[in-house]
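What follows is each chain in one-letter form.
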Amino acid sequence: MIRKTLGEKVFDVFNYIFLTALALSCVLPFIHMLAISFSSSAAATQGRVGLWPVEFTLSSYRFAFQRPDFIRSFGITLERVILGWAVNMFLVIITAYPLSKTKQVFKGRTLIAWFFAFTMFVGGGLIPTYMVVTSTGLKNTIWALIIPGAVPIYHMVILLNFFRQIPKEIEESALMDGARQNRILWQIYVPLSIPALATLTVYTVVGHWNEWFSGMIYMDDSKNYPLQTYLQSIITTPDFSLFDTTQIELLKKISNKTFRAAQIMIVTMPVLLIYPFMQKYFISGMTLGSLKG
Amino acid sequence: MSGCLEGFSLGKVEKKKKSWKTDKSFYLMVLPGMILVAIYYYGPLVGWALAFQRYDITKGLFGSQYVGWDNFKYLFTKYPGFWQVIRNTLSISIAKMIVNFAFPIIVSLLLNEIKIERYKKSLQTMMYLPHFLSWVVISGLLIDILSPTDGIINNILKALGVKPVYFLGSPSIFPATMVVSDAWKVFGFSTILYMAALTSIDPQLYEAAIIDGASRFKRCWHITIPGIVSIMVLSGILSLGNLLNAGFDQIFNLYNPAVYSTGDVLDTFTYRIGFKNFQYDMATAVGIVKSCVSLLLVSTSYFMAYKFADYRIF
């Protein structure tokens, strides 16, 4: 090993400090928020909370979980994530498979592939899309959050490219044994694509969990809001007027600030908890989609 | 390849029959997806007719009166604030494009200089985090942290003797807040691509360069950067397609009437004239203008990506 010059040592020190600070900047705000959510309202509003709770209390969380609309929106989000995941994955699999074949095997392939790909170039726009969703009767139903985006084209492209890497000989031998395409897909291609499907699952689940805009425009009643839409509505219009008298006692112990922090943390927590486990899938999805030859 | 094999081994007639059989199951598989895409992606294109009508909710799409290009003319000549919105959109998105291109590259190159593998990995793990959370969550966070009265950043500034900064309430600072917070949210995740490209550089190149006496900076300049230049070109080109997307989720959740003059962009503008003012026809016209320009930009960028970086969608 060659000895480092002074300049290189100075660079190293600055490099370590700079990158560490940058990385901490990505994490500390969440820790700060967590600390606020566990702090007393007085400490929070006076700005005395840093990265550790001051005058520790759970009242904000208790208050959040006592609000029926919060619980309801949590349920709607769970329903959305599960249904949305199932629909997305099924459609992505059955659509990507035929399109992964060559023109010789599936004649309509190129035309149909462009039928899908074209939507990546032109969108109908906000109002026309809204009107189609409304006129197909999805408004105010959970399906408004699932059906319009039921075929994620980008995911389809990722899976299609993954299917292509599977050796053709496997399919050929299955065909010789008399298997039909349906069976080849579900019993050979799908099991062989578990890594790619896991990646898409992570993308889909986090996508549905985080999405808020469709809930806002397709639900007339805030009772039907999924969690992120509910959170969005309280962030933009914090509303304390709707509370009943039993909640007033609790209200004294919390403030707008701690209450909001608690709700933000509840919405964030599931992602934070599974984050270490799903990280590698996120990364592989990024490289799967972009680094192909 | 089974089709080709069959083609060689079977007679013409039999081949045709067989291929139609497999073809049929393929068509059946793509059919549900095609129907949904036809309705929810192509259906709205029919709704573009709205932009050429004086839309009347009671009469609907098929009963309203057609007015030709009037809505577009009104938009470009008279609609209050339209050109301001175009200016805001372009300035915010171009600034984001430059920062989001350069910053991840710089961070990747610096990360590459960290030789303690485990430390590098943990730094990266921390940097990815904001990307996984929605703009709703991040906005809630930023509103608190950036608050001029009790936000932690302004508390720090106050302690240093600086006057409080209205990050989200001052028209002159709001766009910069958008650019910086967006860069902060995405930079870690964008480094993934570059880090993947960096690991594929042949270590022997570095060894040879060290023996030849190349300094660390020279090794970076002559080996590392050429090693990732194709990814740089690709991501740079593909980002051009997003010129008119200044980031709806972010701006919608962070802006307020006080900063409309510099923070209102095409998508938030469309939302407001559509859902707040119920001018469906005008909102659709704005959408069409945006869609057409974007089509041009996206197809140009894909064509360039294909030409210069050999990138294909399929």
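Residues numbered from 1 in each chain as written. Chains lettered and ligands numbered in written order. Predicted model: local features only at pLDDT ≥ 70, side-chain atom pairs only at ≥ 80, totals over all residues. Heavy atoms only, no water.

### So, the overall build of chain B
For chain B, the count of helices and strands is 14 helices and two strands. Taking 2.2 N^0.38 as the reference for a compact globule, 314 residues should give roughly 20 Å; the C-alpha atoms of chain B span a radius of gyration of 26 Å, well beyond that estimate. Here the C-alpha coordinates of chain B stretch approximately 75 × 75 × 30 Å along the principal axes. Going through the 314 residues of chain B one by one, you find that 50% of them count as buried. A separation of at least 24 residues holds for 63% of the contacts in chain B among residues at least 6 apart in sequence. As displayed, chain B offers around 15500 Å² of accessible surface, 68% of which is attributable to carbon and sulfur atoms. Averaging the coordinates of the 28 positive side-chain charges in chain B and doing the same for the 18 negative ones gives two points 4 Å apart. (Helix = DSSP H or I, 4+ residues; strand = E, 2+ residues; numbered from the N terminus. Rg over C-alpha atoms; globule rule 2.2 N^0.38 Å. Buried < 20%, exposed > 50% of the residue type's maximum accessible area, 1.4 Å probe, protein only. Contact = heavy atoms within 4.5 Å. Areas by Shrake-Rupley, 256 points an atom, 1.4 Å probe, with all protein chains shown as cover. Lys, Arg positive; Asp, Glu negative; His and termini not counted. Charge placed at Lys NZ, Arg CZ, Asp CG, Glu CD.)

### What about the overall build of chain A?
Counting its regular elements, chain A contains 14 helices and zero strands. Listing every helix and strand of chain A by position from the N terminus yields α-α-α-α-α-α-α-α-α-α-α-α-α-α. For chain A, whose C-alpha radius of gyration is 25 Å, the value lies well above the compact-globule estimate of 19 Å for 293 residues. Looking at chain A residue by residue over its 293 residues, the buried ones come to 53%. Within chain A, residue pairs in contact and separated by at least 24 positions form 70% of the contacts whose partners lie at least 6 positions apart. About 13300 Å² of surface is accessible on chain A, with carbon and sulfur atoms providing 68% of the total. Between the mean site of the 24 positive side-chain charges and the mean site of the 15 negative ones, chain A shows a separation of 5 Å.

### So, the nonpolar core
One broad trend across soluble globular proteins is that nonpolar side chains are buried collectively. Within the largest apolar cluster, 179 residues are counted, with the highest numbers of intra-cluster contacts made by A:Leu99, A:Leu159 and A:Leu185. In contact with A:Leu99, other than residues within four places in its own chain, are A:Phe106, A:Arg109, A:Ile112, A:Ala113, A:Phe116, A:Met156, A:Leu160, A:Arg164 and B:Val30. (Core = buried A, V, L, I, M, F, W, Y, C linked by side-chain atoms within 4.5 Å.)

### Topic: the packing of aromatic side chains
For the structure shown, the criterion picks out 49 aromatic pairs over all chains. Consider the rings of A:Trp212 and B:Phe252, whose centres lie 5.6 Å apart with planes at 25°: the pair is stacked. Within this pair, whereas A:Trp212 is found in the loop between α10 (194–210) and α11 (213–218), its partner B:Phe252 is found in helix α11 (residues 248–254), the two belonging to separate chains. Taken together, A:Tyr130, A:Trp212, A:Phe213, A:Tyr218, B:Phe248, B:Phe252, B:Tyr255, B:Tyr260, B:Tyr271 and B:Phe275 form an aromatic cluster joined through their ring pairs. A cation over a ring is seen here: B:Arg272 above B:Tyr260, with NZ or CZ 4.1 Å from the ring centre. (Phe/Tyr/Trp six-rings, centres within 6.5 Å; stacked < 30°, edge-to-face > 60°. Lys NZ or Arg CZ within 6 Å of the ring centre and 35° of its normal.)

### Some words on the pattern of salt bridges
Tallied over the entire structure, the rule returns 13 salt bridges over all chains. The partner of B:Arg216 in a salt bridge is A:Asp12, and the shortest N-O contact between them spans 2.7 Å. Pair noted here: B:Arg216 is in helix α10 (residues 216–239) and A:Asp12 is in helix α1 (residues 6–37), and the two residues belong to different chains. With a closest N to O distance of 2.9 Å, A:Glu171 and A:Lys101 form a salt bridge. Note that A:Glu171 is positioned in helix α8 (residues 168–176) and A:Lys101 in the loop between α4 (68–99) and α5 (109–117), a separation of 70 residues in sequence. For A:Glu171, a relative accessible area of 2% corresponds to the buried category. By relative accessible area, which is 6% here, A:Lys101 ends up buried. Connected through shared salt-bridge partners, A:Asp12, B:Glu113 and B:Arg216 make up one network. (Salt bridge = Lys/Arg side-chain N within 4 Å of Asp/Glu carboxyl O.)

On their own, these measurements won't tell you what the molecule is for.
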